[in-house]
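Chains, contacts and geometry: an overview
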Amino acid sequence: SHQKIPCDMLVLKGSAVVNEAMLTGESVPQVKEAIDSNQYPVGQSLDIDDPTFRRHIIFGGTFCVDQSAKQSQFLTESSMVNDVLAPPDQ
């Protein structure tokens, strides 16, 4: 079964395959990769409309088809929750 993504997320570790058909109409699942922290300076804003960053963002309302940790170990639902950072306003 596919997990519905509850909110927009930035991939910090590992990768995911998501079905974005409900947003884009694209029937082919999309691969999302972890952002390389060495490539982007701390404090740089990410523009979700910039194709450079879109491969690192999972959009809320899409469905996760598969996900993996950096060493290709599958994440459990509880470990996924623990890796999600708190919003910046908290």
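Definitions and limits used
- Residues numbered from 1 in each chain as written.
- Predicted model: local features only at pLDDT ≥ 70, side-chain atom pairs only at ≥ 80, totals over all residues.
- Heavy atoms only, no water.
- Helix = DSSP H or I, 4+ residues; strand = E, 2+ residues; numbered from the N terminus.
- Buried < 20%, exposed > 50% of the residue type's maximum accessible area, 1.4 Å probe, protein only.
- Polar contact = N/O pair within 3.5 Å; in protein donor to acceptor, adjacent residues only side chain to side chain.
- Contact = heavy atoms within 4.5 Å.
- Pairing = 2+ DSSP bridges.
- pLDDT = per-residue confidence, 0-100.
- Salt bridge = Lys/Arg side-chain N within 4 Å of Asp/Glu carboxyl O.
- Core = buried A, V, L, I, M, F, W, Y, C linked by side-chain atoms within 4.5 Å.

1. What about the side chain of Lys32?
In this structure, Lys32 sits in strand β4 (residues 30-33). Lys32 gets classed as buried once you look at its relative accessible area, which sits at 4%. A distance of 3.1 Å separates a polar side-chain atom of Lys32 from the backbone oxygen of Ile57. When residues no more than four places from it in sequence are discounted, the contact partners of Lys32 are Val11, Ser15, Ala16, Val18, Glu20, Arg54, Arg55, Ile57, Ile58 and Phe59.

2. Structural notes on the sheet that holds strand β3 (residues 15-19)
Spatially, four strands are ordered β1-β6-β3-β4 in an open sheet, and the strand pairing comes out antiparallel. In this open sheet, the two strands that pair with only one neighbour each are β1 (3-4) and β4. Two elements, β3 and strand β6 (residues 63-68), share five bridges in a ladder whose sense is antiparallel. If you follow Val17 over to β6, its bridge partner there is Asp66.

3. Things to note about the confidence of the model for the protein chain
Residues at a pLDDT of 70 or more form 76% of the protein chain, whose mean pLDDT is 78. Across the protein chain, β3 holds the top mean pLDDT of 95, while helix α3 (residues 77-82) sits lowest at 44.

4. Quick word on the pattern of salt bridges
Under the criterion given, the structure shown has two salt bridges. The salt bridge involving Lys32 is made with Glu20; its shortest N-O contact spans 3.0 Å. Pair noted here: Lys32 is in strand β4 and Glu20 is in the loop between β3 and α1 (21-24), with a separation of 12 residues, a long-range link. Side by side, Lys32 and Glu20 carry an identical accessibility label, which is buried. With a shortest N-O distance of 4.0 Å, Arg55 and Glu33 are connected by a salt bridge. Separated by 22 residues along the polypeptide, Arg55 in the loop between α2 (51-54) and β5 (57-58) and Glu33 in strand β4 bring together distant segments of the chain. For Arg55, a relative accessible area of 37% puts it in the partly exposed group.

5. Observations regarding the nonpolar core
Formed by Ile5, Val11, Ala16, Val18, Ile58 and Cys64, the largest nonpolar core amounts to six residues. Each residue touching Val11, except ones within four places of it in the same chain, is listed here: Lys32, Glu33, Ala34, Ile35, His56 and Ile58. The next biggest cluster of nonpolar side chains, apart from the first, holds five residues, and it includes Ile35, Tyr40, Phe53 and Ile57.

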